[in-house]
Amino acid sequence: MGATSSPERLSLLVGLAVMMAATLPRYLIGGYQTRLILLTFAIVAVLGVALAQWRLLAAEARPRLPVLLRRLVVFLAAGLVAMAAWQGLVAGWSGWALLASHGTTLGLLLHAIAIWLKPLRD
């Protein structure tokens, strides 16, 4: 394997866990108990991998993580705003559970693209 831990990878894992957690209300409302349990296990697994990545992260790379997590929060908020605008103007209001799910997905995608296009400098 040989992959090394990086703050970018860790921020994406945290974002993935947040996005998956934002999907939980959709399964609660829909009554999909089996999918809800599977998604909960998947969130725990992602958080476990994130914890392992944190422990493997070099001490000199750790100061970059708070900056990346702030960027993640900004992009998650931007994704929620963009999806609220989309639902309000084009798709019609579909409810807060769908907004949270789609908004955080868009925010995580924007965060990943931002890391790819403009990574943080050391």
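Residues numbered from 1 in each chain as written. Predicted model: local features only at pLDDT ≥ 70, side-chain atom pairs only at ≥ 80, totals over all residues. Heavy atoms only, no water.

1. Overview of the overall build of the chain
Okay, so step 1: Looking only at helices and strands, the chain features 4 helices and 0 strands.
Okay, so step 2: In the chain, the succession of α and β elements from N to C terminus is α-α-α-α.
Okay, so step 3: For the C-alpha atoms alone, the extent of the chain along its principal axes is close to 45 × 35 × 20 Å.
Okay, so step 4: Split into buried and exposed, the 122 residues of the chain put 36% on the buried side.
Okay, so step 5: Counting only contacts in the chain whose residues sit at least 6 apart along the sequence, the fraction spanning at least 24 positions is 74%.
Okay, so step 6: Accessible area of the chain: about 7,600 Å², with a carbon and sulfur share of 72%. (Helix = DSSP H or I, 4+ residues; strand = E, 2+ residues; numbered from the N terminus. Buried < 20%, exposed > 50% of the residue type's maximum accessible area, 1.4 Å probe, protein only. Contact = heavy atoms within 4.5 Å. Areas by Shrake-Rupley, 256 points an atom, 1.4 Å probe, with all protein chains shown as cover.)

2. Comments concerning the UniProt feature "transmembrane region" (unreviewed entry) in the chain
Okay, so step 1: Under the UniProt annotation, the feature "transmembrane region" (unreviewed entry) is placed at residues 12-30, 36-56, 68-89 and 95-117.
Okay, so step 2: Helix makes up 100% of residues 12-30 and strand 0%, whereas the separation of the span's terminal C-alpha atoms amounts to 28 Å.
Okay, so step 3: Annotated as 100% helix and 0% strand, the span residues 68-89 places its first and last C-alpha atoms 31 Å apart. (UniProt positions renumbered as here; feature names shortened; annotations may be inferred.)

3. Quick notes on the nonpolar core
Okay, so step 1: Counting 17 residues, the largest nonpolar core has L10, M20, L24, L39, I43 and V46 as the members making the most contacts within it.
Okay, so step 2: Among the elements of the structure, α1 (7-30), α2 (33-56) and α3 (64-91) are those that each provide at least two residues to this core.
Okay, so step 3: Considering every element that reaches this core, the biggest residue donor is α1, with 6 residues.
Okay, so step 4: For L24, the residues in contact, after removing those within four places along its chain, are L36, L39, T40 and I43. (Core = buried A, V, L, I, M, F, W, Y, C linked by side-chain atoms within 4.5 Å.)

4. Focus on the pattern of salt bridges
Okay, so step 1: Taken as a whole, this structure holds 1 salt bridge when the rule is applied.
Okay, so step 2: With a closest N to O distance of 2.9 Å, R64 and E8 form a salt bridge. Here the residue R64 occupies a position in helix α3, and E8 occupies one in helix α1, the gap between them amounting to 56 residues. By the burial criterion, R64 is buried, and E8 matches it. (Salt bridge = Lys/Arg side-chain N within 4 Å of Asp/Glu carboxyl O.)

5. A closer look at the environment of T104
Okay, so step 1: Looking at the secondary structure, you find T104 in helix α4 (residues 96-117).
Okay, so step 2: Leaving out residues up to four positions away in the same chain, T104 has contacts with M19, A22, L76, L80 and L99.

6. Digging into the packing of aromatic side chains
Okay, so step 1: Taken as a whole and assessed by the stated rule, the structure comprises 1 aromatic pair.
Okay, so step 2: An angle of 80 degrees between the planes, with centres 6.3 Å apart, marks the rings of Y27 and Y32 as edge-to-face.
Okay, so step 3: Judged by its relative accessible area of 24%, Y27 falls in the partly exposed class.
Okay, so step 4: A cation over an aromatic ring shows up here: R35 above the ring of Y32, its NZ or CZ 5.1 Å from the ring centre.
Okay, so step 5: Over the ring of W54 we find R62; its NZ or CZ atom is 4.1 Å from the centre of that ring. (Phe/Tyr/Trp six-rings, centres within 6.5 Å; stacked < 30°, edge-to-face > 60°. Lys NZ or Arg CZ within 6 Å of the ring centre and 35° of its normal.)

7. Let's talk about the packing of α1 against α4
Okay, so step 1: Between α1 and α4, the least distance of the axes is 8 Å, while the angle of their chain directions is 165 degrees. When the axis of α1 is compared with that of α4, the two are roughly antiparallel. Along this stretch, α1 crosses α4, giving a crossing that reads as left-handed. In this structure, α1 uses E8, S11, L12, G15, L16, M19, A22, T23, P25, R26 and I29 to contact α4, whose residues at the interface are W96, A97, L98, A100, S101, H102, T104, T105, L108, H111, A112 and I115. (Axes fitted to C-alpha atoms, helices over the stretch in contact; angles between N-to-C directions. Parallel < 35°, antiparallel > 145°, perpendicular 65-115°, else oblique. Left-handed = near helix turned anticlockwise from the far one by under 90°.)

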